[in-house]
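Chain and residue survey
Here are the chains, one letter per residue:
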Amino acid sequence: MRNTIFGGAVGIVLAILLVLGFSSVFTVYETQQALVLRFGRVIGTPSQAGLNFKMPFIDTVVFVDKRILDLENPPQEVIASDQKRLVVDAFMRYRI
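Here is what the cut-offs are and how they apply
Residues numbered from 1 in each chain as written. Predicted model: local features only at pLDDT ≥ 70, side-chain atom pairs only at ≥ 80, totals over all residues. Heavy atoms only, no water. Salt bridge = Lys/Arg side-chain N within 4 Å of Asp/Glu carboxyl O. Helix = DSSP H or I, 4+ residues; strand = E, 2+ residues; numbered from the N terminus. Buried < 20%, exposed > 50% of the residue type's maximum accessible area, 1.4 Å probe, protein only. Polar contact = N/O pair within 3.5 Å; in protein donor to acceptor, adjacent residues only side chain to side chain. 1 Å grid on protein atoms, 1.4 Å probe; cavity = no way out; pocket = protein on both sides within 12 Å on 5 of 7 lines; lining within 4 Å. Points joined across faces, edges and corners; volume = space filled by probe spheres on them. Pairing = 2+ DSSP bridges.

The next subject is the pattern of salt bridges. Side chains that differ in sign of charge can pair as their charged atoms come close. This structure, assessed with the given rule, holds three salt bridges. The partner of Asp59 in a salt bridge is Arg38, and the shortest N-O contact between them spans 2.8 Å. Of the two residues, Asp59 is situated in strand 5 (residues 59–65) and Arg38 in strand 2 (residues 32–38); the sequence distance between them amounts to 21 residues. Classification of Arg38 as partly exposed rests on a relative accessible area of 32%. Between Arg85 and Glu77 there is a salt bridge; the shortest N-O distance is 2.7 Å. For the pair Arg85 and Glu77, one class covers both residues: exposed.

Here it is in structure tokens:
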């Protein structure tokens, strides 16, 4: 009887440790930047790609892509000040 109670308690403790372990580790890839936030305030920015650690259930991690991104708008018809119609095709490239 004592072995089953002891085994159950050990199983529960191992499950809790496993959940805490997985929730305290995050991976930053080379194409990303990460911000570690504690209650909404920035407390760190991991400088290198790889495996990083945070406080479980307290810190959150926000990932930002650091590659060059582009935004392409569909062509739009605009009326100029001299009442002529112009077709404007715009695009933008940016990096955060």
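As a further point, take the side chain of Asp59. The exposure class assigned to Asp59 is buried, which follows from its relative accessible area of 5%. Here the side chain of Asp59 touches Arg38 through a polar contact of 2.8 Å, side chain to side chain.

Take the layout of surface pockets next. Approximately 170 Å³ is the volume attributed to the largest pocket. Residue lining of the largest pocket: 14 residues in total, with Gln32, Gln33, Ala34, Pro46 and Lys66 positioned closest to the centre. The biggest single contributor to the lining of the largest pocket is strand 2, with four residues.

Right, let's get into the pairing of strand 8 (residues 85–88). Pairing of strand 7 (residues 76–79) with strand 8 involves four bridges; the strand directions are antiparallel. Each bridged residue has a counterpart across the sheet, and for Val78 the counterpart in strand 8 is Leu86. In this antiparallel pair of consecutive strands, strand 7 and strand 8, the connection spans five residues, and Gln83 shows a positive phi of 65°.

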